[in-house]
Each structure stands twice: as C-alpha cells, then as structure tokens.
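Architecture at a glance
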There are 2 protein chains.
Amino acid sequence: MTSPRTGPGRPRDPEADEAILRAAVELLIERGVERTSIEQIARRAGVAKVTVYRRWSSKEKLFAHALESMHEQVRAVDEVGGPLLDVIEELLPRWGELLADPGARALTARMIGAGPDHPELLSTYWRHHLEPRRERARKTLARAKRDGVLPATTDVDMVIDLMWGAVLHQLVLAPGDRSATELTAYLRRMLRQVGFALPG
Amino acid sequence: MTSPRTGPGRPRDPEADEAILRAAVELLIERGVERTSIEQIARRAGVAKVTVYRRWSSKEKLFAHALESMHEQVRAVDEVGGPLLDVIEELLPRWGELLADPGARALTARMIGAGPDHPELLSTYWRHHLEPRRERARKTLARAKRDGVLPATTDVDMVIDLMWGAVLHQLVLAPGDRSATELTAYLRRMLRQVGFALPG
C-alpha cells in the first residue's frame, strides 16, 4: 500500500466520511467481511481509494467504526410515558418491524460469522451496540419488578439473555422469513413466558 | 472443472469418504465456508481432488453431507433412568463440557455466518442437527410438566427457543471464553429461571 496515511485525525470531508461509513455497512450486510474490500467500499461511496485509506488503515477498523456510527432506531421504554405494560404494548409492533428488516437479520448473522476470524469486530459490535441496549433492558426489567408486572424473584440478567437469545434464534438460525406481525406476536408470547403480566 | 463425475452414487472407498467428511468439518470450523476449497479438503484428507469431485459436485453439497454425518455426542435425557431432576443434574456437567468446546462454538458461528450467502447449508444444519434435538427437548419438557418439575402452564416451544437462544447468545455473541464449570453453572441458573424446580 502506497497511500499516504494521516492516522485517525480530523476528517478532511465529513460528507465523504459519512458516505464511506454507509457504504461499509451496506456491503457488510450484502457481502460480509471476507468478500468486501476497501476498493469496493470506495467505489460504492464514490470516493478514491486513497480517501478511505487516509482515514482507516484496514477494513476491520473501518467496519468497526461503521458499526459504532449506526444510530439507535427505536425509542427507549423510558422515553415513552405511562404504565410499563402500556408502553410495552405501544412499542411491541415497532420492535417487530425492526426485527423483520432483512438487513438487521443479515448484519447480525455476518457479525456472528465474523467472530471466529475477527473477534475484535464482534467485540466492537457488542460494546457499542449490544451492551448499551443491555444496560437499558436492565433498567426496564428492574422497573418491571418494582411495578409488579414481573415476578420479584426474576433473575434480570438471565432473562435478558433468554429474550435476546430467543430473538437471535428466530433471526439467524430458524429457517424462513418472519413478517413484522409474526414477530410482534412472537415477542408478546416471549414476554409472557418470561413472566410479564401481559394479556395474551 | 474437468474432473469426471459419477454423481452421488455408491462410495468407491468408505475410508476415503470418511476422511473427506472429517476434513470438511475441520476446515469448516477453522476457516469457514468462503475460505475453504475442495482442493484444501482433498489435501487435508490425503486424497486426490478428483476423488472428492467423484462424490460431491460442490463444496456446499460436501459441507451439507459432512454436517449430516456428525454424530450425536450426548446421551438423551430419556436414555438415562431415574427422576427427571436427577437425570438433569447428572447431564448438566456434560452439557457444560460440550458447550465449552471451541470447535462447537466456531462451527455454530460459521453456520450462522453462512446463512445470508448459503441458506441451504444453514437449513441442512437446522434439519439434521437442530430439529431432531428440538424434538427430543419437546418430549423432555412435556415430561417435566407431567412430573410437576416445570409449571403446567409452560409454553414448551417458547421455552426451547429461550433456552437455546440464551446458550447461543453465550456461545457466539457474548465476548470471552467460558469454562465448562462456568457454563454448567449458567445452564443451572437458566433452567431455574425458565421454571425448573432445581436447587440453586
């Protein structure tokens, strides 16, 4: 590689940066880590290869940054007012919609698949995407226990693993696609089984 | 490809076949689907490339067969006599050991990662590996309900998703390795949370 590198300093062109990060996420979803090159990302973003290398010295670093830059798409339970069960009822269809997105499904499968060869990518995904959501889920479940809509004996961290795991299982392992409506019904059934006092 | 092909007829050499299937699983764990070629599998198995092509026309078909040929490694709950909770106590450390195997972990991650590009491989894995285990789990959970060690209101299929999902989450998503002892303790905590009347 003969491209000049100036390290991860201040971006020369925020718009180019944004296009590069967006192209990286798109290609990650479409093709995965192994079959995506810096060259392809540059082409998709409409910039020169050197523009990419000026900011990121490897595709792993670029992917990690692209994952960090993805935005939160659902409102947190705490941002919606009202009794917890009402808030959950309101958010359930939105969660179902998000999970039905084939991009979310492919990205999750790609991240897990990258684990054996690129553990640092998986741990970036965990740290920047999953751990903050986990922390929010902890607070919501603690509130559910206080509000009496979840049994007081609930093992909060285990219930988070169980719920995320069931969703993961549906998304990346069980064959066939699921519609937003099916996933919403699934989530409701799941919440009831882990102890939420939700109507059927 | 100019190799002669005789289709998936009777194997010429069962020993060569076995070596090929074993090499395929090893390379699948080590390198994944994309970065493994028929040539590498032949070399690892110590056979000529043509020997592989005589039996399997693509690496996807070979991988699918290799997955089908993997043997069941744990005794089913039903094969162990005695009250269900005692059987579970006996099997828990063995389950923990199996899950702590880095090969099992990598294989699962590779299969999930192959999903977006090779859905037929993932569905073979589901059909031949996961669905039979799922059927066994259904019977065990039904028995647990009858024996009164699991609440009668339990949604059996959902509890299977929750439990497998939590394990999946630990194996392929959560960062860091887990020892057999840690995984055994985790499984016990998980069984208790889903409603099994196990001691703590």
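Parameters and conventions
Residues numbered from 1 in each chain as written. Chains lettered and ligands numbered in written order. Predicted model: local features only at pLDDT ≥ 70, side-chain atom pairs only at ≥ 80, totals over all residues. Heavy atoms only, no water. Contact = heavy atoms within 4.5 Å. Salt bridge = Lys/Arg side-chain N within 4 Å of Asp/Glu carboxyl O. Polar contact = N/O pair within 3.5 Å; in protein donor to acceptor, adjacent residues only side chain to side chain. Helix = DSSP H or I, 4+ residues; strand = E, 2+ residues; numbered from the N terminus. Expected span 1.5 Å × (residues − 1). Buried < 20%, exposed > 50% of the residue type's maximum accessible area, 1.4 Å probe, protein only. Domains from an automatic or database assignment. Buried area = accessible area lost by both parts, 1.4 Å probe. Nonpolar A, V, L, I, M, F, W, Y, C, P; charged D, E, K, R; others polar.

In the nomenclature of an unreviewed UniProt entry, chain A is known as TetR family transcriptional regulator of Actinokineospora fastidiosa.

Considerations on the interface of chain B and chain A
Contacts between chain B and chain A engage 39 residues on the former and 39 residues on the latter. Two residues, B:Arg35 and A:Asp117, come together in a salt bridge whose shortest N-O distance is 3.0 Å. Seen at the junction of chain B and chain A, the total is twelve residue pairs in polar contact (both at pLDDT 80 or more). For the side of chain B that touches chain A, the secondary structure elements donating two or more residues are helix H1 (14–31), helix H6 (102–114), helix H7 (119–146), helix H8 (156–173) and helix H9 (180–193) of chain B. Examining the composition of the side of chain B that touches chain A, we find that 14 residues originate from one element, H8(B), more than from any other.

Structural notes on helix H6 (residues 102–114) of chain A
For H6(A), which comprises 13 residues, the first-to-last C-alpha distance of 18 Å matches the rise-based estimate of 18 Å (1.5 Å per residue) to within 8%. Of all 13 residues making up H6(A), eleven are buried, and the element is well covered by its neighbours. Residues of H6(A) that are buried: A:Gly103, A:Arg105, A:Ala106, A:Leu107, A:Thr108, A:Ala109, A:Arg110, A:Met111, A:Ile112, A:Gly113 and A:Ala114. The secondary structure elements touched by the buried residues of H6(A) are helix H1 (14–31), helix H4 (59–69), helix H7 (119–147) and helix H8 (156–173) of chain A together with H6 and H8 of chain B. The opening residue of H6(A), the one whose side-chain oxygen lies 2.9 Å from the backbone nitrogen of A:Gly103, is A:Asp101.

Focus: the domain arrangement of chain A
Residue and element names in this part refer to chain A. We note that the domain assignment places domain 1 (14–69) and domain 2 (77–193) within chain A. The centre of domain 1, based on its C-alpha atoms, is set 28 Å off from the matching centre of domain 2. The interface of domain 1 with domain 2 comprises 13 residues on the first partner and 14 residues on the second. Summed over both partners, the interface of domain 1 with domain 2 buries about 1,100 Å², with 69% contributed by carbon and sulfur atoms. Where domain 1 meets domain 2, there are zero salt bridges. Applying the counting criterion to the domain 1 and domain 2 interface returns six residue pairs in polar contact (both at pLDDT 80 or more). Counting residues per element, the ones that place at least two in the side of domain 1 that touches domain 2 are H1 and H4. Tallying contributions element by element places H4 first for the side of domain 1 that touches domain 2, with five residues. Here the residues of the side of domain 1 that touches domain 2 are counted per class, giving six nonpolar, one polar and six charged.

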